[in-house]
Amino acid sequence: MVRVRSLALLAAPIGVALVAWSCDPQRSAVAPTIGTPLAHFHVFECTPLKITGGGRIDYPPGTADKNPPASHEYETFGAHVMDNNGDCSPEKGQLEWVDHRPEWNINGSPLNLHSTAITFAEEATDTDCSDGAAHWGGTLLVKNTGEEAEFEVFDCDNGEPGVGHDGFAIRVPAIGYEVMCPDPDLPPAEPACTLTGGNRQFHPTHR
Amino acid sequence: MRIDIFRSTVRVLSLVLPMTWLASSAQSQMRAAARAEAYGLSVSTPAVTQKSPYAVLPVGEAMATDQGQSVSVAGLATAQDLFAIVTGDADAVDGSTAVSTATLGVVNLLNGLITADGVVAVASSTISDNAVNSNTEGSSLGNLVVGGTEVSDPAPNTRMTLPGVGYVLLNEVRTTGDGVTSSGVTVNMIHVVLQQPILGLLGQVIGYKTVGNIIVGSATSSVTR
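Our subject in this report is the structure included herewith.

Calculation notes
Residues numbered from 1 in each chain as written. Chains lettered and ligands numbered in written order. Predicted model: local features only at pLDDT ≥ 70, side-chain atom pairs only at ≥ 80, totals over all residues. Heavy atoms only, no water. Disulfide = S-S within 2.5 Å. Helix = DSSP H or I, 4+ residues; strand = E, 2+ residues; numbered from the N terminus.

This part is about the state of the cysteines. Residue and element names in this part refer to chain A. A full pass over the atoms with the stated rule returns 3 disulfides over all chains. The disulfide bridge from Cys-129 ends at Cys-156, spanning 2.1 Å between sulfur atoms. Between Cys-129 and Cys-156, the S-S dihedral sits near -120°, and the bridge is therefore left-handed. A residue pair is termed long-range when its members are at least 10 positions apart, and Cys-129 in the loop between strand S6 (109-124) and strand S7 (132-142) and Cys-156 in strand S8 (residues 147-157) qualify at 27 residues. Between the sulfur of Cys-181 and that of Cys-193 lies a disulfide, 2.1 Å long from S to S. Taking the torsion about the S-S bond as the criterion, the Cys-181 to Cys-193 disulfide, at about 100°, is right-handed. Linking Cys-181 in the loop between strand S10 (177-179) and strand S11 (193-203) with Cys-193 in strand S11, this pair joins segments that are 12 residues apart in sequence.

Here's what the structure looks like:
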């Protein structure tokens, strides 16, 4: 009995230390660098995070003002990513993106991007996004053509409500597609374009 | 004797109190909810019931989507490029969110009585320690024509009569929740209510009865603390 107690006394601190170590954020990012120099979204941390929501962007220009509805100059989307371990390798994630601009009508339908794998997610720590920001991505399917391509998004939760505050941007270099707003004067943090509808919600989990 | 009673009380409290904390914590975890639903076109008459594309946020999941290149219900509705996307997350600690979008390209209802080109329905709900809100910002109707009249940017719950058919509600908005522990909203961008006259004994019209509904671009979101 005494031996069992001694073993338990020894094992308990080791267990606590292991749990604490598993929750400690790792400072090295593993995301690919496919972006151009930006004023924000430069500094990243591997840390547990979750960001959810969707909505509408009116790009170009990507400001908080809606374009005339008849212009079809807008994009709608849903996106979420979750990294519980804080190792920059998300356990879950999904992106659905629709670009309604006539110039992006491909094979008779609006450009429709659908993620097939989310391979990285990291917290961006140098933005003006008050509630948190993330840079994440992976591979997607261009549903209009069946092409597979890599993508990255710049995701910003800048308070409530999401409309007029939060931001989102996407790049798919292989098909020459991007909806990005690289203007430091545009709130909340370039290159994220401002939402004209919907919301992004960042959760710093595990802290 | 008094010390014994005191010790017993402390013992009972030390057992019962943690249980109440656990119960209240579990209750709050169970209450937190995020619901989202979106669809492009819904037709409901005695002869036809159809809703497509249709996305509903599954419990415990963060996203669902559906789409259709074209939908047609003979004599009642045709629509192209339809997408429904719903996202959400129920989190009792950090707050919950739900966002729904439904978008359509060209829409034609009742053989051209109502046409539009570019319909967007957005519903968004959020609840956290410092914010509770629901809104339909981002919703819009492009090139909307009702009975030959161009209608731009209709105010919420705009009603127009459709002689011989019924009436249409444009940008129909309904809110739910108490604004403290729950909040929700539904937006239907075009809602046609099909009606038939009720005739009296002498053949005069004494009222109308609803015989069907056509809804174009519907988005719903709601959250509970």
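Next, the rest of the story.
Next up on the list: unusual backbone geometry. Negative phi is the rule for most residues except glycine; trans is the rule for most peptide bonds. Cis peptide bonds are those with omega within 30 degrees of zero, and the linkage from Pro-60 of chain A to Pro-61 of chain A qualifies with 5°. Within the secondary structure, Pro-61 of chain A sits in the loop between strand S2 (49-57) and strand S3 (75-83). Cis geometry marks the peptide bond from Ser-52 of chain B to Pro-53 of chain B, where omega comes out at -15°. The residue Pro-53 of chain B is located in strand S2 (residues 49-56) in this model. Despite not being glycine, Asp-81 of chain B shows a phi value in the positive range, around 50°.

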